[in-house]
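Architecture at a glance
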Amino acid sequence: MAAQSLLSESVLGWSIFAFVLLVILAFCWVYIRKFQSRQESEVVSTITAICALAIALITSALLPVDIFLVSFMKYPNGTYKDWAANNETRGQIEDTVLYGYYTLYSIILFCVFLWIPFVYFYYEERDDDNVNKCSQVKNALKYTIGFAIVCVVLLLIGAFVPLEAPPSQNSTQWEKVQYLFEELGSRHGLSALSFSISSLTLIGMLAVITYTAYGMSVLPLNLIKGTRSVVYERLENTEDIEDVEHQIEKLKAKCTDGRPLSSRDRNNLQELEDKLQVLRRRGRHLEIAETNCCTKVGSALRPFKILLGIFFILVALLFTVALFISNLDKALHSAGISSGFIIFGTNLTNPLNELLLALQPVFPLDYILITVITMYFVLTSMAGIRNMGIWFFWIRLYKIRPKRTRPQALLFLCMILLLIVLHTSYMIYSLAPQYVMYGSQKYFAQKQTPSEGPMSGNATSGTTKICDADAPGDQCTMTRSYLFLHKFWFFSTIYYFGNWVFIGVFLIGLVVSCCRGKKSVIEGEVEADDSDMSDDEYVH
């Protein structure tokens, strides 16, 4: 009976994960196909981008499964279910989740350090017409080896630098080397992978601060403000065309008598002709947008977009408040920098954590909410990248535009999302620490009370409590996500300070987004550096 119950509970959790997997694959295909350039699209880059994006989303979907499995080991009264009464059985289930994490994280390492760099440099070399296929592969491999070396170095640091000192400081060199190999063997190289992933998570933290924080403000405000009227934009564009044409005629009138234009006038004339070309292309796009059925449907759904935008901005503010309270709790009640600002449970009332705990009795609302939170971070990150483009410090490398995005830009986009997803788990822990640690688990706390009457002595009574740091170790099971996140205290310290920066960037982005006007209905479709030939993919 216990075995059947174990099977049914496990099947339920993994069936939901399998369904989410299919949804993710469908979403990735639609998303990549929406943004990739029709003129430069290639099978290899498309498959790579779809797979990388799917891996990022699948990894983020594993956290709710982890929380679901540890929570379903217990009844609401705090007692273990029959199939979970054995410590070995519980360990096997959690190890399954742990191996799932390490499998996906290993794939992420492969994508970030080998697969994506190779495909990226292959297409970079392809831009040179004088390079043949063999030279493309050779040059791409040459650059990819550099990434592989970095990966190996990180793995070696994580594997051969133990967190604890050797038993004896007076041991010989051979004994020290032997100890390092024993450490590597005893941990099966998992610490090496953990260190590598944590190092990538630091880069992911920078991407979250840059793109996710901005996306959380720009996405809802764009939905609320909407876009400018396409009719008004066409009228304004027509007036701009007439004005530029008039200025061009005035410049050309200076040389009607055969005298050449001065260098300043020639430069001005070239700038005006380039501007006129962009305005005419903009007019063609506005004409298409005015007759496009998607524009008309978008106008009809305007009230729904406003409501959705208000909901998103409230969620963003809730996340910011929860993150601020969580960081403040760590600053006041943790052991400080040397412990990585780690706290077990919550000492200050965290609204998001309390909401998740309040939804526990109504299955599966709490799991739906944690899944929505996870996907919200991913979607706002996509919105941030979409609006900002891909930057290297102050240099803009690529733009992310519908039907215009180059293969290299899509590969960059997917790599950034992979790194963001790695940091998302820690962000969610910061938002709801107690829930991410234990899910909806409860335990039965016994206590001795003196009895009154002729039979003096102590009577045993108890109450059901929510699992926290004070719970006995055998009564509550921690999620594997929490154990993985806090393997290295110094990374947790950096993440803690990163959360403060995230809050500041979000507030700045909120002010900037509020001050900006409405977007154009053809935002991002027309740029000065585009060619007229690129308009064909919009016409057809």
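From a predicted model like this one, the values you see are computed outputs, not experimental measurements. (Residues numbered from 1 in each chain as written. Predicted model: local features only at pLDDT ≥ 70, side-chain atom pairs only at ≥ 80, totals over all residues. Heavy atoms only, no water.)

Brief notes about the overall build of the protein chain
- Of the regular secondary structure elements, the protein chain holds 17 helices and four strands.
- Per-residue burial for the protein chain yields a buried fraction of 46% across its 540 residues.
- Within the protein chain, residue pairs in contact and separated by at least 24 positions form 79% of the contacts whose partners lie at least 6 positions apart.
- Carbon and sulfur atoms provide 64% of the accessible area of the protein chain, an area that totals close to 27400 Å². (Helix = DSSP H or I, 4+ residues; strand = E, 2+ residues; numbered from the N terminus. Buried < 20%, exposed > 50% of the residue type's maximum accessible area, 1.4 Å probe, protein only. Contact = heavy atoms within 4.5 Å. Areas by Shrake-Rupley, 256 points an atom, 1.4 Å probe, with all protein chains shown as cover.)

With respect to the packing of aromatic side chains
- One pass over the full model with this rule turns up 19 aromatic pairs.
- Residues Tyr120 and Phe412 carry aromatic rings whose centres are separated by 5.4 Å and whose planes lie at 90 degrees to one another, so their mutual orientation is edge-to-face. Taken together, the positions of Tyr120 in helix α3 (residues 87-126) and Phe412 in helix α13 (residues 407-431) put the pair 292 residues apart, joining distant regions of the chain.
- Residue classification places Tyr120 among the buried residues on the basis of a relative accessible area of 15%.
- Using a relative accessible area of 24% as the deciding quantity, one classes Phe412 as partly exposed.
- Ring-pair connections join several aromatic residues into one group, and the members of that group are Tyr120, Phe121, Tyr143, Phe147, Tyr398 and Phe412.
- Seen from the ring of Tyr143, Lys142 lies directly overhead, with NZ or CZ sitting 5.3 Å from the centre. (Phe/Tyr/Trp six-rings, centres within 6.5 Å; stacked < 30°, edge-to-face > 60°. Lys NZ or Arg CZ within 6 Å of the ring centre and 35° of its normal.)

Focus on the pattern of salt bridges
- Following the criterion strictly, the structure yields three salt bridges and no others.
- The partner of Glu236 in a salt bridge is Arg228, and the shortest N-O contact between them spans 2.8 Å.
- Arg228 gets classed as partly exposed once you look at its relative accessible area, which sits at 25%.
- Arg280 is paired through a salt bridge with Glu245; the nearest N and O atoms lie 3.0 Å apart. Of this pair, Arg280 sits in helix α8 (residues 263-291) while Glu245 sits in helix α7 (residues 230-253), placing them 35 residues apart in sequence.
- Overall, the relative accessible area of 27% leaves Glu245 in the partly exposed class. (Salt bridge = Lys/Arg side-chain N within 4 Å of Asp/Glu carboxyl O.)

Some remarks on the nonpolar core
- Judged by nonpolar contacts, the single largest core of 122 residues is most densely connected at Leu53, Phe319, Ile373, Ile385 and Leu418.
- In contact with Phe319, not counting residues within four places along its chain, are Met216, Leu352, Ile373, Tyr376, Phe377 and Leu431.
- Of all hydrophobic cores here, the second largest spans nine residues; its members include Val244, Ile248, Leu251 and Leu279. (Core = buried A, V, L, I, M, F, W, Y, C linked by side-chain atoms within 4.5 Å.)

Observations regarding a nonpolar patch on the surface
- A cluster of nonpolar side chains, namely Phe392, Phe393, Trp394, Ile395 and Leu397, defines an oily patch on the protein surface of about 640 Å² accessible area.
- Of note, Phe393 is situated in the loop between β1 (390-392) and β2 (395-398). (Patch = residues over 30% accessible without salt bridge, like charges linked within 9 Å, V, L, I, M, F, W, Y side chains within 5 Å.)

Comments concerning the environment of Ser199
- Assignment of secondary structure puts Ser199 in helix α6 (residues 190-225).
- On the accessibility criterion, Ser199 (15% relative accessible area) is buried.
- The spatial distance from the C-alpha of Ser199 to the C-alpha of Phe491 is 8.1 Å, given a sequence separation of 292 residues.

Focus: the pairing of β2
- In this structure, β1 lies alongside β2, joined through three bridges in antiparallel fashion. Pairing of Trp391 across the sheet is with Arg396, part of β2.
- Following β1, the chain reverses through two residues before pairing antiparallel with β2; Phe393 in that reversal takes a positive phi of roughly 55 degrees. (Pairing = 2+ DSSP bridges.)

Points about a negative patch on the surface
- Together, Glu239, Asp240, Glu242 and Asp243 line one region of the surface with negative charge.
- By secondary structure assignment, the location of Asp243 is in helix α7.
- Under the relative-accessibility criterion, Asp243 is labelled partly exposed at 40%. (Lys, Arg positive; Asp, Glu negative; His and termini not counted. Charge placed at Lys NZ, Arg CZ, Asp CG, Glu CD.)

What about the packing of helix α10 (residues 302-333) against α13?
- Where α10 meets α13, the closest approach of the two axes is 8 Å, and the angle between their N-to-C directions is 80 degrees. Taken together, the axis directions place α10 and α13 in an arrangement best described as roughly perpendicular. Contacts from Phe319, Ala322, Leu323, Ser326 and Lys330 of α10 reach α13 at Tyr426, Met427, Tyr429, Ser430 and Leu431.
- Looking at the contact of α10 with α13 residue by residue, the class counts come to seven nonpolar, two polar and one charged. (Axes fitted to C-alpha atoms, helices over the stretch in contact; angles between N-to-C directions. Parallel < 35°, antiparallel > 145°, perpendicular 65-115°, else oblique. Nonpolar A, V, L, I, M, F, W, Y, C, P; charged D, E, K, R; others polar.)

So, the side chain of Asp66
- Positionally, Asp66 belongs in helix α2 (residues 43-71).
- Setting aside residues up to four positions removed in sequence, Asp66 forms contacts with Glu94, Val97, Tyr101, Thr479, Arg480 and Ser481.

Some points on the side chain of Gln441
- Take Gln441: it is sitting in the loop between α14 (433-438) and β3 (442-451).
- Residue classification places Gln441 among the buried positions, given a relative accessible area of 0%.
- Non-local contacts of Gln441, meaning those with residues more than four positions away in its chain, are made with Val70, Ser71, Lys74, Ile466, Cys467, Cys476 and Thr477.

Thoughts on the confidence of the model for the protein chain
- Across the protein chain, the average pLDDT comes to 77, with 81% of residues at or above 70.
- Under a pLDDT of 50 for its full length, residues 164-169 has, in the predicted model, five contacts with residues more than four places off or in other chains.
- Per-residue pLDDT stays below 50 along residues 531-540; that stretch engages in 24 contacts with residues further than four places along the chain or on separate chains. (pLDDT = per-residue confidence, 0-100.)

Considerations on the state of the cysteines
- Across all of its chains, the model carries zero disulfides by this definition.
- No disulfide involves Cys414; its sulfur sits 7.8 Å from that of Cys28, the nearest cysteine.
- Judged by its relative accessible area of 1%, Cys414 is buried.
- A disulfide-free cysteine, Cys515 has its sulfur positioned 6.7 Å from the sulfur of Cys514, the nearest such atom. (Disulfide = S-S within 2.5 Å.)

Thoughts on the environment of Tyr143
- When you line up the elements, Tyr143 lands in helix α4 (residues 133-160).
- Residues Tyr143 and Pro117 lie 26 residues apart in sequence; the distance between their C-alpha atoms is 7.8 Å.

Quick notes on α7
- Look at α7: 34 Å from first C-alpha to last across 24 residues, which is about the 34 Å you get at 1.5 Å a residue.
- Among the residues of α7, Val230, Glu233, Asn237, Ile241, Val244, Ile248 and Leu251 are the ones counted as buried.
- Buried residues along α7 sit in contact with α8. (Expected span 1.5 Å × (residues − 1).)

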